[in-house]
Amino acid sequence: MSRPEARSAIVSPDRARGVDASLTSALYATMRRDLILLLRRPGAVLNPLAFFALVITLFPIGISPDPELLAIIAPGLLWVAALLAALLSLDGLFREDAEDGALEQLLLAPHPLPALALAKVAVHWLTTGLPLALMAPVLGVMLSLPLGSYGVLALSLALGSATLSVIGAIGAALTVGVSRGGVLLSLLVLPLYVPVLIFGAGAVQAAIAGSGVAAHLALLGALLAAALVFAPWAIAASLRISLNG
Amino acid sequence: MSLCLEARKLACERDDRWLFRDLELVIRGGEVLRVEGPNGSGKTTLLKILSGQLTDYRGELFWQEEPLHKARRDFLANLLYLGHAPGVKAALTPLENLAWYQALAGAGSAEADRMSALEAVGLAGFEDLPAGQLSAGQQRRVALARLELTPRPLWILDEPFTAIDREGVADLEARLAAHVQAGGSVVLTTHQALHVPVPMRRIRLGEGHGHVAS
Amino acid sequence: MWAFIHKLGSPKVFYALSARLSPWFWTAAAVLIGTGGVWGLAFAPADYQQGDSFRIIYVHVPAAFLAQSIFVVMALAGLVFMVWKIKLADMAATAMAPLGAGMTFVALLSGAVWGVPTWGTWWQWDARLTSMLILFFLYIGVIALRGAFGSRDAGSRAASVLTMVGVINIPIIKYSVDWWYTLHQPATFSITSRPAMPTEMWLPLLIMVLGFYSFFIAVTLTRTRNEILRRESSKRWVRDLVGEAG
């Protein structure tokens, strides 16, 4: 309690100098905190991966072990299963923060909420979308995915799952105040996932067919860019609404 | 410059019920404002409105004579709000919890600051235990350590005495008094008797009205 | 102008005004749908390719138009509600949503019925039907989200945000579904993409479309009036109104 007067003096943040640095450190601290939390509870990261592998295992059992048939449906299966796996962990994106009060502190930080929310979404992608994309080629082998499409599979999933995380975060923010909002969340975001699924699975199919994948990947990139421009504001607005309710 | 948070003709309607109406309020440095009222009378709602979290109210709020929605960043840089939930992550240690708040508030990243803040709330020796292993009162103290860690002139505290033992209550009262004497301001709700040797005003909520009394 | 809009935004003023307007729209809807229906189903010439089965276009197309328009109108209402905090806009959006979902369902159902003579199957993953199906899920999401909140205010705002997010996505979804459909080499022709129709065929269609829009406005006015009474039931003017009636 040294210099009591100084501690209670009004400050006005110096926009020209200090803000950028302090925003960067706030974003960094938020990502770091979320990563530490996930490392302490690795189940949150590993379970979607196990789910992904399990769903892919069910299809040959449910349909047919015929490699030729599997090769045809593999791109779509891998994409749909990865999409559902990414959806699994989405519900927890803001829920814990809302329950322990950290979310309202995030809203009261003297920084733009869209940026802070995006930091959390980035961690979600790093710990869900990216591992799923890296794991997909292994499962592709099990589904006799034709050679030459493995790189495109991983790349399209890495790119597409980023869009899924960003758009899905809107749904997570809207349902964070709803108890047991998990099913509702999937109802809200799955229709919005359709374009990503089309261009993502399309990219893999194009790679198998030997036609160019550049257009598909470019469209996936365009979707991500559009999502990054619009979604953070929607996430921030949704978080404020959910905490008001 | 002294702080000044002003509410003019403040009113809040929740699902067709008026929590309060025509509330006129000026909060300046050097005083405690205690919000009173029965359960469900809108105490927490009022604190959330005053801290800029809720926007669906009628009337106007001003921070340093400027409309709050324009001066939001300046306002938030001067505010410390502690809500019902302590905002403490069970899986993180008190030091890690405070590190996030420190960075969020732009108060650097010095561990020495965090340690001394934890010492000030009587948590020395607990700094490296996961907060989930601490008692409810100790978790509340982790949140209260932010009062030390990130100096802000305006404190808005929703039930800060929850789960705090008698000794902790006396400590917190002393901290509130010191803050107010240094020119700061405290807005709080509590069900507890409050002993602070500084100017205190009360607002009583209930029946759809708010009365300011000194 | 601004004052007028604000006055119109008052539930009480709207309630009085809509009472005078809604009979006109109900009448227009009945006359237009009656005329267009009889003309289209009985007198318009049969299609050279599909025969009489094409006549379901007189239900399918207006319903599909309305299904898309209602979502856009809901998004606009959501914007007005969020930006200017005019609660009437949200009441209207609440009133419209089930009708929009219903119209989407009618479009899907009529598409399926049309599929039987055209494709020989009840369902074909046609681009338009697929887009319509996704739109149907969007409607369900909005309605479910609104109902999921304990507080009506929060539910209203959440539904508004979701509607706006949805309306930005609808063109993207439509575009991507069209792309997907052309990529997968359709086995048959799409039901509504066709060469120019003769006047005797599209004029009744136009009348039906206008009739459906009148129906939409009439239903919205009536349902919004109910919503106003429900939400403003504690206000004095509603109590006076109910007191007069009973």
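Residues numbered from 1 in each chain as written. Chains lettered and ligands numbered in written order. Predicted model: local features only at pLDDT ≥ 70, side-chain atom pairs only at ≥ 80, totals over all residues. Heavy atoms only, no water.

A. Geometry of the overall build of chain C. Broken down by element type, chain C carries eight helices and zero strands. When the helices and strands of chain C are listed from N to C terminus, the series reads α-α-α-α-α-α-α-α. Principal-axis analysis of the C-alpha atoms gives chain C an extent of 60 × 40 × 35 Å. Out of the 246 residues in chain C, the part that is buried amounts to 49%. Considering only contacts within chain C whose residues lie at least 6 apart along the sequence, 80% involve residues at least 24 apart. If you sum the accessible surface of chain C, you get close to 11900 Å²; carbon and sulfur atoms cover 71% of it. (Helix = DSSP H or I, 4+ residues; strand = E, 2+ residues; numbered from the N terminus. Buried < 20%, exposed > 50% of the residue type's maximum accessible area, 1.4 Å probe, protein only. Contact = heavy atoms within 4.5 Å. Areas by Shrake-Rupley, 256 points an atom, 1.4 Å probe, with all protein chains shown as cover.)

B. Quick peek at the interface of chain A and chain B. Between chain A and chain B, the residue contacts involve 39 residues of the former and 49 residues of the latter. Summed over both sides, the interface between chain A and chain B buries roughly 3600 Å², with carbon and sulfur atoms accounting for 55% of that surface. In this structure, the connection of chain A to chain B is made through four salt bridges. With a closest N to O distance of 2.9 Å, K89 of chain B and D100 of chain A form a salt bridge. Taken together, the connections running from chain A to chain B amount to 10 residue pairs in polar contact (both at pLDDT 80 or more). Contributions of two or more residues to the side of chain A that touches chain B are made by α1 (4–7), α2 (18–40), α5 (92–100), α6 (102–107) and α10 (214–244) of chain A. The dominant element in the side of chain A that touches chain B, judged by the number of residues it contributes, is α2 of chain A, at 10 residues. Taken together, the residues of the side of chain A that touches chain B sort by class into 19 nonpolar, nine polar and 11 charged. (Buried area = accessible area lost by both parts, 1.4 Å probe. Salt bridge = Lys/Arg side-chain N within 4 Å of Asp/Glu carboxyl O. Polar contact = N/O pair within 3.5 Å; in protein donor to acceptor, adjacent residues only side chain to side chain. Nonpolar A, V, L, I, M, F, W, Y, C, P; charged D, E, K, R; others polar.)

C. Highlighting the packing of aromatic side chains. All names here are of chain C. Scanning the model with the defined rule gives 11 aromatic pairs over all chains in all. On the numbers, 5.9 Å between centres and 35 degrees between planes, the contact of F105 with F136 is tilted. Separated by 31 residues along the polypeptide, F105 in helix α4 (residues 87–119) and F136 in helix α5 (residues 127–148) bring together distant segments of the chain. With a relative accessible area of 43%, F105 lands in the partly exposed category. Ring centres 6.5 Å apart and planes at 50 degrees place the aromatic pair W180 and Y181 in the tilted group. For W180, a relative accessible area of 23% gives the class partly exposed. We classify Y181 as buried; its relative accessible area is 12%. (Phe/Tyr/Trp six-rings, centres within 6.5 Å; stacked < 30°, edge-to-face > 60°.)

D. Local environment of the interface of chain B and chain C. With six residues of chain B at the contact, the number on the chain C side is nine residues. In total, about 600 Å² of surface goes out of reach between chain B and chain C, with carbon and sulfur atoms giving 18% of it. Joining chain B to chain C, the criterion identifies two salt bridges. A salt bridge links E13 of chain B to K87 of chain C; the shortest N-O distance between them is 3.8 Å. Scanning the region where chain B abuts chain C turns up two residue pairs in polar contact (both at pLDDT 80 or more). Partitioning the side of chain B that touches chain C into residue classes produces no nonpolar, one polar and five charged.

E. Spotlight on the pattern of salt bridges. Under the counting rule described, the total for this entry stands at 27 salt bridges over all chains. One salt bridge connects D34 of chain A with R33 of chain A, and the closest N-O pair in it is separated by 3.0 Å. On the basis of relative accessible area, R33 of chain A is assigned to the buried category, the value being 4%. The salt bridge partner of E6 of chain B is R8 of chain B, with a shortest N-O separation of 3.0 Å. Via salt bridges that share partners, R33, D34, D97, D100 and K120 of chain A together with K89 of chain B belong to a single interconnected network.

F. Structural context of the confidence of the model for chain C. With 93% of its residues at a pLDDT of at least 70, chain C reaches an overall mean of 88. Scored as a whole, the predicted complex attains pTM 0.91, and scored at its interfaces, ipTM 0.90. (pLDDT = per-residue confidence, 0-100.)

G. Up close: the environment of F20 of chain B. All names here are of chain B. Turning to its location among the elements, F20 is positioned in strand β2 (residues 17–28). We classify F20 as buried; its relative accessible area is 0%. Each C-alpha atom, one on F20 and one on D158, is 18 Å from the other, the two residues being 138 residues apart in sequence.

H. The arrangement of the UniProt feature "transmembrane region" (unreviewed entry) in chain A in detail. UniProt marks residues 43–63, 69–94, 147–176, 183–208 and 214–239 of chain A with the feature "transmembrane region" (unreviewed entry), using the numbering shown here. Between the end C-alpha atoms of residues 69–94 of chain A the distance is 40 Å, and the span holds 88% helix and 0% strand. (UniProt positions renumbered as here; feature names shortened; annotations may be inferred.)

I. Seen up close, the pairing of strand β6 (residues 79–82) of chain B. Residues and elements named next belong to chain B. By the alternation rule, side chains of β6 split into L79 and Y81 and L80 and L82, which are all buried. In the sheet, β6 pairs with strand β7 (residues 154–158) via four bridges, with the strands oriented parallel. Residue pairing in the sheet places L80 in a bridge with W155 of β7. (Pairing = 2+ DSSP bridges.)

J. Layout of α4 of chain C. Residue and element names in this part refer to chain C. With 33 residues, α4 extends 47 Å from end C-alpha to end C-alpha; this agrees with the ideal 48 Å at 1.5 Å per step. A bend of about 30 degrees at M96 is the largest found in α4, and the proline P98 appears one to four places after it. G120 sits one or two residues past α4 and shows a positive phi near 75 degrees. (Expected span 1.5 Å × (residues − 1). Bend = angle between axes of the 7 residues up to and from the residue.)

K. View of the environment of A236 of chain A. Residue and element names in this part refer to chain A. You can see A236 is positioned in helix α10. Taking the C-alpha atoms as reference, A236 lies 28 Å from L217; in sequence the two are 19 residues apart. Residues contacting A236, with those up to four places away along its chain left out, are L113 and P114.

L. The sheet that holds β2 of chain B, seen in detail. Residues and elements named next belong to chain B. Pairing in this open sheet of four strands is antiparallel, and the strands run β2-β1-β4-β5 from one edge to the other. Taken across any chain shown, the strands that pair with only one partner, and hence form the sheet edges, are β2 and β5 (66–67). Looking at chain direction, strand β1 (residues 4–14) and strand β4 (residues 58–63) are connected through five bridges and run antiparallel. Considered in β4, the bridge of A7 is made with L61. The strands touched by helix α1 (residues 43–50) are β1, β2 and β4; relative to β2, the strand with the most contacts, the crossing angle is about 50 degrees. (Axes fitted to C-alpha atoms, helices over the stretch in contact; angles between N-to-C directions.)

M. View of the packing of helix α3 (residues 94–104) of chain B against helix α5 (residues 136–149) of chain B. All names here are of chain B. Where α3 meets α5, the closest approach of the two axes is 10 Å, and the angle between their N-to-C directions is 45 degrees. On the basis of the axis angle, α3 is oblique to α5. Classified by chirality, the crossing of α5 by α3 is right-handed. Across the interface between the two elements, P94, N97, L98, Y101 and Q102 from α3 touch V142, A145, R146 and L149 from α5. For the contact of α3 with α5, the residue count by class is six nonpolar, two polar and one charged. (Parallel < 35°, antiparallel > 145°, perpendicular 65-115°, else oblique. Left-handed = near helix turned anticlockwise from the far one by under 90°.)

N. Summary view of the nonpolar core. Counting 134 residues, the largest nonpolar core has F52, F94, I235 and L239 of chain A together with I70 of chain C as the members making the most contacts within it. The element contributing the most residues to this core is helix α9 (residues 182–209) of chain A, with 15 residues. (Core = buried A, V, L, I, M, F, W, Y, C linked by side-chain atoms within 4.5 Å.)

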